[in-house]
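Tertiary structure, described
The lines below spell out each chain.
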Amino acid sequence: TDVDLALNARGSAKASAALVIEPLESLTTLRLRISSVLKVTDVRLRQALPGDPENVRGVDMLTGLSEDADEPVGLAGEPVHYVQAIHRRRLDDDVHERWVTVALPRRFAPGETFVVELAYEGDLLQYLNDGRTYVLKDALHWVPRHPHTRGTPGGRTNLTYRVPERFRVASGSTLIDEQVIDGTRIMRWVSDHPVTS
């Protein structure tokens with residue numbers, strides 16, 4: 001899983017995510033879980049090259065480009081249809097359905113590997129009364145995932161955070177890179193261990 005998450009000083013987030021999917025049974029649709037405070041704005045699909053299924057397991061699965069330091073990378077795959085329902089609530093944070101249904105362009109056979117890329121946004125952070133700390137409104141589902149995800153031996157999780165320079169991000173895994181570009185602090189955390197969701 002790769003995630004590129006841009007956070008601003010008001011607690012709003014924009015993100016791109018790429019998930020490797022290797023189905024255990026044939027698939028024509030895919031349901032992914034995501035926080036109800038987040039709205040999916042785009043879904044793309046990238047297939048493995050014929051004879052080279054490992055090409056989707058590179059170090060960086062998000063292959064799009066970022067125009068600005070404070071924006072997540074764009075999606076690079078082919079657009080696919082998706083559905084995420086909206087609740088008509090005025091005062092609650094959980095406006096969006098917790099499930100995103102992705103219509104795949106064809107039937108994928110068991111073991112046929114592909115990458116699903118998502119772009120999403122929302123008010124992900126809550127500002128605490130201490131005047132200096134933000135916490136996630138949903139610490140579990142801010143990264144989209146399949147409900148039956150299993151850790152993949154040799155799997156790698158890349159998390160990139162983009163925040164205003166005066167902020168820092170505490171995250172799990174190992175911090176491998178940190179830089180400031182045009183007033184935006186970019187921190188990259190990596191886990192080389194299997195991740196089970």
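Everything below is about the structure shown above.
Judged by nonpolar contacts, the single largest core of 37 residues is most densely connected at Val3, Leu5, Phe114, Val116, Leu118, Tyr120 and Trp142. The set of elements that each furnish at least two residues to this core consists of β1 (2-7), β2 (12-21), β3 (27-33), β4 (38-47), β7 (99-108), β8 (114-123), β11 (157-164) and β13 (184-191). Element by element, the count of residues in this core is highest for β2, at five residues. Excluding its chain neighbours within four sequence positions, the residues that come into contact with Val3 are Ser16, Ala17, Leu62, Tyr120, Trp142, Val143, Asn158, Leu159 and Thr160.

In this section: the packing of aromatic side chains. Applying the stated criterion to the full structure yields three aromatic pairs. With 4.2 Å between their ring centres and 35° between their planes, Phe108 and Phe114 make a pair best called tilted. The class of Phe108 is buried, set by a relative accessible area of 1%. Across the ring face of Trp99, the terminal group of Arg33 is positioned such that the distance to the ring centre comes to 5.5 Å. Its guanidinium or amino end placed over the ring of Phe108, Arg106 lies 4.1 Å from that ring's centre, counting from NZ or CZ.

There is a patch of like negative charges on the surface, built from Glu67, Asp68, Asp70 and Asp182. Summarising the element assignment, Asp182 is placed in the loop between β12 (174-181) and β13. By relative accessible area, which is 77% here, Asp182 ends up exposed.

Moving on: the sheet that holds strand β5 (residues 78-79). Read across the sheet, eight strands follow the order β5-β4-β8-β2-β1-β11-β13-β12 without closing on themselves; strand pairing throughout is mixed. The sheet is open, and its two borders are formed by β5 and β12, each paired with just one other strand. In this sheet, β5 lies alongside β4 in antiparallel orientation, the contact comprising two bridges. Bridge pairing in β5 links Arg44 to Pro79.

We now examine the pattern of salt bridges. It is possible for side chains bearing opposite charge to pair when their charged atoms get close. Enumeration according to the criterion identifies seven salt bridges in this entry. Of the charged contacts, one joins Glu71 and Lys14 as a salt bridge, the two residues approaching to 3.0 Å between their closest N and O atoms. With Glu71 in the loop between β4 and β5 and Lys14 in strand β2, this residue pair connects regions lying 57 residues apart in the sequence. On the basis of relative accessible area, Lys14 is assigned to the partly exposed category, the value being 37%. Each of Arg168, Glu178 and Arg185 takes part in salt bridges that share partners, so that together they form one network.

What counts and what doesn't
- Residues numbered from 1 in each chain as written.
- Predicted model: local features only at pLDDT ≥ 70, side-chain atom pairs only at ≥ 80, totals over all residues.
- Heavy atoms only, no water.
- Core = buried A, V, L, I, M, F, W, Y, C linked by side-chain atoms within 4.5 Å.
- Buried < 20%, exposed > 50% of the residue type's maximum accessible area, 1.4 Å probe, protein only.
- Helix = DSSP H or I, 4+ residues; strand = E, 2+ residues; numbered from the N terminus.
- Contact = heavy atoms within 4.5 Å.
- Phe/Tyr/Trp six-rings, centres within 6.5 Å; stacked < 30°, edge-to-face > 60°.
- Lys NZ or Arg CZ within 6 Å of the ring centre and 35° of its normal.
- Patch = residues over 30% accessible without salt bridge, like charges linked within 9 Å, V, L, I, M, F, W, Y side chains within 5 Å.
- Areas by Shrake-Rupley, 256 points an atom, 1.4 Å probe, with all protein chains shown as cover.
- Salt bridge = Lys/Arg side-chain N within 4 Å of Asp/Glu carboxyl O.
- Lys, Arg positive; Asp, Glu negative; His and termini not counted.
- Charge placed at Lys NZ, Arg CZ, Asp CG, Glu CD.
- Pairing = 2+ DSSP bridges.

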